[in-house]
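Observations on the model geometry
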Amino acid sequence: MPTKKENPRELIDLLRRMWLIRAFEEKASALYAERQIVGLLHLGIGQEAVAVGACSLLRNDDYVFGGHRSHGHAIAKGADINKLMSEIAGRATGYCGGKGGSMHIVAKETGFITATGVVGGTIPLALGAAFAAKEKKQRQVAVVFFGDGAGQAGPFHESLNIASLWRLPVIFVCENNGYAEFTPLSAHTKIERLAQHAKTYGIPASTIDGNDLFAVRDAMRNAVEECRSGKGPIFVECLTHRMRGHYEGDPAKYRELSQLAEWKKKDPIARVVRVLKSKKALTDKQLAAIESEARGLVEKAAEFALSSPWPAANEVDRQVTA
Amino acid sequence: MFVIRHFEENLVSLHDKGVFGGHYHLYVGQEGTGVPAISCLRSDDYLFTTHRNHGHLLARGAEPKKLFAEILGRADGLNKGKGGSFHSVAPSLGFLHSSGVVAGIIPLSTGTAYASKAQKNGRITVCLFGDGSLEEGAAPEAFNLASLLKLPVLFLCENNGKYGAGRAAAAAQSSSMAAYPLTDLPKAYKIPAQQIDGMDAGLVHATISEAVTKIRAGEGPQFIEAQTVRYPGSETNWPTVPQPTDTSLAWDVSSVPEKAREWYRSCDPLLIYIRELAENEQASRDEIAGIERQVKGEIAAAVEFAVNSPYPKPEEAEKDFFA
Amino acid sequence: MRELAYYEAKFEALEEIMAADERVHLINGTFLSLSPYRHVYQNLKNKYGDRMISPPISELGFCGLATGAAMAGLRPVVDLSTGSFIYEAWPQVANEAANAFSMSGGQTRVPVVFHLFHGLRGGGAAQHSGSPQAMLWNCPGLEIAIPSSPRDVKGLLKTAVASDNPTIFVDHTRLLDMRGEIPDNDKPIPFGVADVKRKGSDVTLIATSYTVQVSLQAAAKLAKENIDVEVVDPRTLVPFDLATILTSIEKTHRVVIADETHQSCGVAAEIAARIAESGFDKLKTRIRRVSTLDVPVPYSPPLEAHIGPSESRIIDAVRAAVA
C-alpha cells in the first residue's frame, strides 16, 4: 500500500509509464516474431514496477546503467520510444544509429548512460559514474540495474567492495527474478537473497517486493536521499518475475506453469490499478484510455522505426574512435 | 621453521649481492602458520600457493638447494629455472602450480578439489593465499563454486595485515577490503570460517587438523584466517632483514635495532615457539641452538649448490611449452 | 561414408568421448548452442549427468576450476558459449593455463579444452560477436583448433580432448546446420594438418571456420568465370601447417586469406606474415586479406553484413589476384 506521500495524479502518470513499457515490450515481441527485429531480444514484461518505481525518483542528471533487459529502464528514465524502437530494429534513426541494438542502449540526454550484453558488465561502470559524481559535488547519484545472475560474477563483488570503501553514491538495484538465463538461482548459489552480499561489505541493503510499485518507490526514495547526502552506496533487491522467457524464442520449459500463474496474480500494473480504483482515482474508462494511448504511441514508434532507412554501409567506419 | 627463516634471510643477502634479480617475497614472520598447517596434510594432498611461496614449499619438504637454484634461475632449480620465485612448483609434493597473480590460484584450487571428488581418491586441496586476494572477484566466484559443489578444499588465508604495537590494534587487516572481519566473505557462501592467531603454532596445528578431518569426511569447504604481523623489513619494495635471526633473540633482543625490537619480542612466531619449547622443558636452550646450527650449515651448503649450479642453456627457452 | 549434419557429428564426438574416458567432464553445456538442437544434448545428460556440471555465471571462476581439475588429472571440456565471454576468464586462460607447463619446467600438464562459439552471428552486436582466436594465438602455450565441417569437428574435438595441452576449440554457430560426409571408421584428426577443401590451380584461398564454407561458395561462382580456386583450411592455428599452404602456392602463385577475426593482428595477418617469410619468391602478386574490418561489430544487419569476410569481398579479392 502506498504511503501518504503518493498522490493520485502522480500515480496515474506512473501507471502511464508502466503501460508504455508493457506496450513497447509486447510490440517488440510481435515485431521479433515477424523478423522485423533480429538478434537477441530480452523483454522485461512483468518487471515494470522496478523500472518505473526506481527511475521516477531520479533527476535527469542522475546516471542509470542497465543490462541486456533494459528497454524498460531506458523508457522509465525518459528515453524517446521512437528512437528506441528504431535502435532495436537496427535503423539509422535509432539512438545509436543501429549500431548497438537491444542490448546496448544509450540515451545520453536522459542520463541513461549505457546497457551491456555482458552479465554484470555495467556494475563497475556505475562505480565510475558515481566516482565522477562525487568529484563533481552536485549530489548526482548513479543507479545500476542487474539481475540475480550477476550475483555470482566476480566484478559484482569487487564493485560492492570498492563502492563501500570509497563511499560512492551508487544504488545497486538487483532485479531478482529467480532465473539466470535458463537456470533457477538455487542452482547457481546457496544464497537466496543477494542483499546478503551487500551486507557483507557493509552496505545497507533491503529486499522488497519488486512488483509493488510503492514498495519500490519507498525504498528508492530512501536510497536516493542517503546517497545524495554522501552516506555511501545502497543496495535494493527487488523480487520480481519476467513473464516471458529469458529471450524471445526461449520456450522457458524450465519454468513451471503454476509459477507463471502465481506471478500473473502479482502483476505490477494490475496492482497499481487496484490501488487507484480503491481510492476512486481511476475509472475503467480512464484505464482503457491509458492502455490505448500507450499502444497508440508504440504503434507510431513501430511505424517510425520500420519506415526509417537502414544505416548506410560506410557508417561502419564512423564513430569507431572519437 | 629454522629452515624457512634462514633460507629467507640468506636470500636477502644473495639478492643484495646481485646474485639474482626480480621481485621476491619472504615468509619471515609467518612460519608459525605454514609449518604446522602443512604438517596436517597427507602426502598426496594438493597445495596451491602464491608469490609468497618459499615457506610453503620448504614446509612441505622441498629441498632448499633446489629452491635456491630456482630463484637464482639455474638449471638445477625446481622448474629448471623457468619459473623463478613466483612460479616454483613441486608436483611430487602436491604443488602443481604457483601464480604470481593475486588470487590466480583460488579458482584453480576448486579444480583440483573437483577432480579429487570425482576421482574419489580422498585427497583434499589447501589453497594458501593472503588477505589481498579477497579483493579480487576470482575469490568470491571460487567460494561460490566450492560451496555449491561441496568441494574438498581448505581456504587458508594468511592475513599478515595486522599491525603491531604502536598502531591501532583493532584493525587487523589491510584497508582495501570493506568486509570486516574477513571471515564474513566465505560465511556469505555458508562456508564455515574461523579467525585464529597465526603466530601460535600449536593452535594452528589443532585448528587445521580439525578442519582437514572435516573436509576429508566430505563436509565441504572450510575457511581459516590466520593472523600474523608483518615483519619489519617487509614494508619496503625490496625485502630487508633488520637482524639475522639467532636463537638467542628469543631471550635477548638488545642487538636488534630499536624500532624492530617489539616485533621480535612479541610477534615472531619462530621465537615464540622457541620460548614455549624451553618453558615447557620440551627442549633445552642448548638443544635448540644446536638444531639451529645444523640448519644454518645445511642452508649454507644449499646456497653453495645453487650458486654453483649452471644457468640453463638459452635454447631451453624454446622447449617445454607443449606437452 | 555417411552424411551427417554438423551438429550431429559434434554430438557423436561428445558421446564417444564421454564413453571412452571417465576423466572427461563437461563444464557448462551449450556445445550445441542455444539452438533447437539442445534436446540432443539432453540425451548426453541422461547418460553422463554426473560428469556434467552447470556452473553459475562466473567464467573466471569456472575456467579456473577447469584448469585446476586438469592439473589434477581430469580432462575437462569447458564451454564458454559466446566467444566474447572468454574475456571474463582471460586471466585463467592466458595467464595460468597457457603458462603452467612451461613455468613448471614441464612438470604440470593442463589437458583442458576451452570451447567457444566465435564470430558474426546475425544481430549479436559488439559484445556477442567476438573472435578471440587471434589474441589467443598470441599466447604461447595454447593449442587452437578451428573446424569447418562435420568430419573436422568430430575428428578435431577428439584430438583436442586427448591432447595434454590446454586447447581452445573455436566453433561457429553458422556451421551447426551444414551437412557433410564422414567416413565410416572415422579417426581423430591430428593437429597441425591442413585440409585442401577444394583443389584448384589459379589461386590459393586460405580460410578458417565458417569462412571456409563461404569460400567454397565463392569458389563455385568463380569457377563459372574460369577461375579455379584452391581452398585450403588450416584446421588448427596452433600447431600450424605451413607446408600444405606453401605446396599450394608453388602451384598457384597467388594467395587470398579470408578469416573472421579483425584485420589488425588477426589470423590472416599472421598467416600472411608466415607466407611472406617462407614463400615470398613463389608469389606473383601481393598477398590479399579479407578480414572483418577494424570496427566494433555493429548491430544493424546491413552494417554487420558489410564488415565481415563476405562472399562478395572474397570474390573481389580473388579476381584482383588473378587480374
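Please read all numbers here as calculations on a predicted model, not as lab measurements. (Residues numbered from 1 in each chain as written. Chains lettered and ligands numbered in written order. Predicted model: local features only at pLDDT ≥ 70, side-chain atom pairs only at ≥ 80, totals over all residues.)

1. Examining the overall build of chain A
For the record, the criterion: Secondary structure elements follow DSSP: runs of H or I no shorter than four residues count as helices, runs of E no shorter than two count as strands, and numbering proceeds from the N terminus. Only the C-alpha atoms count toward the radius of gyration. The rule for a globule is 2.2 Å times the residue count to the power 0.38. We call a residue exposed when 12 or fewer other C-beta atoms sit within 10 Å of its C-beta, buried when the count reaches 20 or more, and partly exposed for counts in between; the C-beta positions come from the backbone. By the convention adopted here, residues are in contact when the distance between their C-beta atoms, placed from the backbone, does not exceed 7 Å.
Counting its secondary structure elements, chain A contains 11 helices and 8 strands. Against the 2.2 N^0.38 benchmark of 20 Å for 322 residues, chain A shows a C-alpha radius of gyration of 19 Å, consistent with a compact globule. Principal-axis analysis of the C-alpha atoms places the extent of chain A at approximately 55 × 50 × 40 Å. When burial is assessed residue by residue, chain A has 58% of its 322 residues classed as buried. Counting only contacts in chain A whose residues sit at least 6 apart along the sequence, the fraction spanning at least 24 positions is 75%.

2. Observations concerning the overall build of chain B
Within chain B one finds 11 helices and 6 strands. For 323 residues, the compact-globule formula gives about 20 Å, and the C-alpha radius of gyration of chain B, at 19 Å, lands near that figure. For chain B, the C-alpha atoms occupy an extent of roughly 55 × 50 × 35 Å along the three principal directions. Per-residue burial over chain B gives 54% buried out of 323 residues. Pairs at least 24 residues apart make up 72% of the contacts formed inside chain B by residues separated by at least 6 positions.

3. A few points about the sheet that holds strand 14 (residues 288–292) of chain C
Strand pairing within a sheet occurs via backbone hydrogen bonds; the two strands may be parallel or antiparallel. Residues and elements named next belong to chain C. Definition in use: Whether two strands pair depends on DSSP finding at least two bridges between them. The axes are straight lines fitted to the C-alpha atoms, using for helices just the contacting stretch, and the angles between their N-to-C directions are given from 0 to 180°.
Taken in spatial order, the 5 strands make up an open sheet running 9-11-10-13-14, and their pairing is mixed. Two strands close off the open sheet at either side, each with one partner strand: strand 9 (195–198) and strand 14. Recorded for the sheet is a direction-independent mean angle of 25° between the axes of neighbouring strands. Where strand 10 (residues 203–207) meets strand 11 (residues 229–233), 4 bridges bridge the pair, whose relative direction is parallel. Bridge pairing in strand 11 links Thr 204 to Glu 230.

4. Examining the interface of chain C and chain A
Condition: Each residue is assigned to one class: nonpolar for Ala, Val, Leu, Ile, Met, Phe, Trp, Tyr, Cys and Pro, charged for Asp, Glu, Lys and Arg, and polar for all the others, Gly among them.
Taken together, the 24 residues of chain C in the interface contact 30 residues of chain A. Elements that contribute at least two residues to the side of chain C that touches chain A include exactly helix 3 (59–71) and helix 10 (301–307) of chain C. If one sorts the elements of the side of chain C that touches chain A by residue count, helix 10 of chain C sits on top with 5 residues. Tallied by class, the residues present in the side of chain C that touches chain A amount to 14 nonpolar, 10 polar and no charged.

5. Concerning the nonpolar core
Applied cut-off: A set of buried residues qualifies as a nonpolar core if it consists of Ala, Val, Leu, Ile, Met, Phe, Trp, Tyr and Cys joined through C-beta atoms within 7 Å. Domains are outlined according to an automatic or database domain assignment.
Residues A:Val143, A:Val144, A:Val173, B:Cys127, C:Phe114, C:Val256 and C:Val318 are the most contacted members of the largest nonpolar core, which totals 302 residues. Element by element, the count of residues in this core is highest for helix 1 (residues 8–33) of chain A, at 12 residues. The residue makeup of this core includes at least three contributed by each of domain 1 (2–182) and domain 2 (195–322) of chain C. Residue contacts for A:Val143: discarding those within four places in its chain leaves A:Ala54, A:Leu58, A:Asp62, A:Tyr63, A:Val64, A:Ile171 and A:Val173.

6. Focus: the environment of A:Trp263
All names here are of chain A. With respect to the element layout, Trp 263 can be found in helix 9 (residues 257–265). On the basis of neighbour count, Trp 263 is assigned to the partly exposed category, with 19 C-beta atoms found within 10 Å. The sequence separation of Trp 263 and Thr 240 amounts to 23 residues, and the corresponding C-alpha distance is 8.3 Å. If near-sequence neighbours (up to four positions away) are discounted, Trp 263 is found in contact with Gly 46, His 241 and Met 243.

7. Some remarks on unusual backbone geometry
Most of the time, phi is negative for any residue but glycine, and the peptide bond is trans. Omega for the peptide link from B:Tyr180 to B:Pro181 comes to -5°, which places this bond in the cis form. For B:Pro181, the position within the fold is in the loop between strand 4 (153–162) and helix 7 (184–187). Here C:Val238 and C:Pro239 are connected by a cis peptide whose omega angle stands at -10°. Unusually for a residue other than glycine, C:Ala125 sits at a positive phi of about 65°. Relative to the elements of secondary structure, C:Ala125 occurs in the loop between strand 5 (113–117) and helix 5 (133–137). With phi around 65°, C:His253 is a residue other than glycine that occupies positive phi space. Structurally, the position occupied by C:His253 is in the loop between helix 8 (242–252) and strand 13 (255–262). Residue classification places C:His253 among the partly exposed residues on the basis of 17 C-beta atoms within 10 Å.

8. Describing helix 5 (residues 105–119) of chain B
Residue and element names in this part refer to chain B. Rules: Here, expected helix span is obtained from the residue count minus one, scaled by 1.5 Å.
The terminal C-alpha atoms of helix 5, which comprises 15 residues, lie 21 Å apart, in line with the 21 Å expected from a rise of 1.5 Å per residue. Extensive coverage of helix 5 is indicated by the burial of 13 of its 15 residues. Looking one or two residues beyond helix 5, the residue adopting positive phi is Lys 120, at roughly 50°.

9. Digging into the packing of helix 1 (residues 2–16) of chain B against helix 11 (residues 285–308) of chain B
Residues and elements named next belong to chain B. Rule in force here: Orientation categories follow fixed angle ranges, with anything under 35 degrees roughly parallel, anything over 145 roughly antiparallel, 65 to 115 roughly perpendicular, and all other angles oblique. Two helices that cross are described as forming a left-handed crossing if the nearer one is turned anticlockwise from the farther one by less than a right angle, and a right-handed crossing if clockwise.
Running from N to C, helix 1 and helix 11 point in directions that differ by 45°, and their axes come no closer than 9 Å. In terms of axis orientation, helix 1 runs oblique to helix 11. Crossing geometry of helix 1 relative to helix 11 is assigned as right-handed. The segment helix 1 lies against helix 11, with Phe 2, Val 3, His 6, Phe 7 and Asn 10 engaging Ile 291, Glu 292, Val 295, Lys 296, Ile 299 and Val 303. By residue class, the composition of the contact of helix 1 with helix 11 is 7 nonpolar, 2 polar and 2 charged.

10. Re the interface of chain B and chain C
Counting residues at the interface gives 34 residues for chain B, matched by 35 residues for chain C. Sorting the residues of the side of chain B that touches chain C by element identifies strand 2 (95–98), helix 5 and helix 6 (138–148) of chain B as the ones contributing at least two each. Examining the composition of the side of chain B that touches chain C, we find that 11 residues originate from one element, helix 5 of chain B, more than from any other. Classifying every residue of the side of chain B that touches chain C by side-chain character gives 16 nonpolar, 14 polar and 4 charged.

11. Here we look at the sheet that holds strand 12 (residues 236–238) of chain C
Residues and elements named next belong to chain C. Strand order in the open sheet formed by 7 strands is 3-2-4-5-7-6-12, and the pairing between neighbours is mixed. Each edge of the open sheet is held by one strand with a lone partner, namely strand 3 (52–53) and strand 12. Where helix 6 (residues 150–162) meets the sheet, its contacts fall on strand 2 (24–27), strand 4 (75–82), strand 5, strand 6 (143–145) and strand 7 (167–171), and the angle it forms with strand 7 comes to roughly 160°.

12. So, helix 8 of chain C
Along an α-helix, a turn takes 3.6 residues, which lines up residues three or four apart on a common side. Residue and element names in this part refer to chain C. Rule in force here: In this description, one arc is meant: the one made by directions from the helix axis to the C-beta atoms.
Taken as a whole, helix 8 has its buried residues at Thr 244, Ile 245, Ser 248, Ile 249 and Thr 252. Here the buried residues of helix 8 occupy an arc of 135° about the axis, which is enough to place them on one side. The exposed residues of helix 8 that point more than 90 degrees off its buried face are Ala 243 and Glu 250. Looking at the packing, one finds that the buried side of helix 8 touches strand 9, strand 10, strand 11, strand 13 and helix 9 (267–279). Downstream of helix 8 by a residue or two, His 253 has a phi angle that is positive, lying close to 65°.

13. Considering the packing of helix 5 (residues 123–136) of chain A against helix 6 (residues 154–165) of chain A
Residue and element names in this part refer to chain A. At a closest axis distance of 8 Å, the pairing of helix 5 and helix 6 adopts a crossing angle of 20°. The orientation of helix 5 with respect to helix 6, classified from their angle, is roughly parallel. The chirality of how helix 5 crosses helix 6 is left-handed. Taking contact as the criterion, the partners of Ile 123, Pro 124, Leu 127 and Ala 130 in helix 5 are, on helix 6, Pro 155, Phe 156, Ser 159, Ile 162 and Ala 163. Among the residues forming the contact of helix 5 with helix 6, the class breakdown is 8 nonpolar, 1 polar and no charged.

14. Observations concerning the environment of A:Pro251
Residues and elements named next belong to chain A. Mapping Pro 251 onto the fold places it in the loop between strand 8 (234–239) and helix 9. For Pro 251, a count of 7 C-beta atoms within 10 Å translates into the label exposed. Note: C-alpha distance between Pro 251 and Phe 182 (69 residues apart in sequence) is 10.0 Å.

15. Things to note about the environment of A:Val173
Residue and element names in this part refer to chain A. Inspection of the secondary structure puts Val 173 in strand 4 (residues 170–176). Its 29 C-beta neighbours within 10 Å are what place Val 173 among the buried residues. Taking the C-alpha atoms as reference points, Val 173 and Phe 156, separated by 17 residues in sequence, lie 12 Å from one another. Apart from the residues lying within four places of it in its own chain, the contact partners of Val 173 are Val 50, Ala 54, Val 143, Val 144, Phe 145, Val 236 and Cys 238.

16. Remarks on the confidence of the model for chain B
Selection rule: A residue's pLDDT is the predictor's confidence in that residue, given on a scale from 0 to 100.
In the predicted model, chain B carries a mean pLDDT of 89, and the fraction of residues at 70 or more is 95%. As a predicted assembly, this complex carries a pTM of 0.87 together with an ipTM value of 0.85.

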